[in-house]
Amino acid sequence: MGQALAKAEIKLTSSALGGSVAPPPLPAQTASSIVAETVSGSHVLKIDGYSLLKGLGVNKFIRSATFSVGGRSWQMRFYPDGWDKENADNVSMALFLVDTEGTDVKVRARFSLLD
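Residues numbered from 1 in each chain as written. Predicted model: local features only at pLDDT ≥ 70, side-chain atom pairs only at ≥ 80, totals over all residues. Heavy atoms only, no water.

**Q** It is not clear to me how unusual backbone geometry should be interpreted in this structure. Could you clarify?
**A** Even without being glycine, N59 reaches a positive phi, approximately 65 degrees. In this fold, N59 is placed in the loop between α1 (50-53) and β1 (62-63). Using a relative accessible area of 44% as the deciding quantity, one classes N59 as partly exposed. (Helix = DSSP H or I, 4+ residues; strand = E, 2+ residues; numbered from the N terminus. Buried < 20%, exposed > 50% of the residue type's maximum accessible area, 1.4 Å probe, protein only.)

Following this line, the structure appears as structure tokens:
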């Protein structure tokens, strides 16, 4: 996981109303950190009879059961004849966020096809 560091230098000045001014104190050094929350999960979509699904049609999909990762609801969608005409000779797989209410999420997904 990458880290980003940000440093802020703050200079405070004050003026005195008469009298002598004490020398400025030594600069204070502080630090804090921001940690992004990450959640991992997995879902297995078993496809029985794959060869019978070919010919379903381009952009036609079969969806998985809804599952939860990180408190959000997701579905996998399997396109046996591809997502679009350009991929009609390939299968396509997609991950969809079902509950789109609330905060934005960033996702890193990896699909594996097992024989």
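**Q** I would appreciate a short explanation of the confidence of the model for the protein chain in the present structure.
**A** Atomic detail in the predicted coordinates should be set aside for any region of low pLDDT. Averaged over every residue, the pLDDT of the protein chain is 81; the share at 70 or more is 81%. Averaged pLDDT values for the elements of the protein chain fall to 86 in α1 and rise to 93 in β1. The low-confidence segment residues 1-8 (pLDDT under 50) makes zero contacts with residues lying over four places distant or belonging to another chain. (pLDDT = per-residue confidence, 0-100. Contact = heavy atoms within 4.5 Å.)

**Q** For this particular structure, what's the right way to read the pairing of strand β3 (residues 72-79)?
**A** Both faces of the sheet carry side chains from a regular strand, because those side chains alternate between them. When you tally the buried positions in β3, you get seven out of eight residues, the bulk of the element. Pairing between β1 and β3: two bridges, direction antiparallel. Counted as the bridge partner of R63 is R77 from β3. Pairing of strand β2 (residues 67-69) with β3 involves three bridges; the strand directions are antiparallel. Opposite F67, over in β3, you have W74 as the bridge partner. Here β2 hands over to β3 after two residues, with G70 in that stretch at a positive phi of 65 degrees. (Pairing = 2+ DSSP bridges.)

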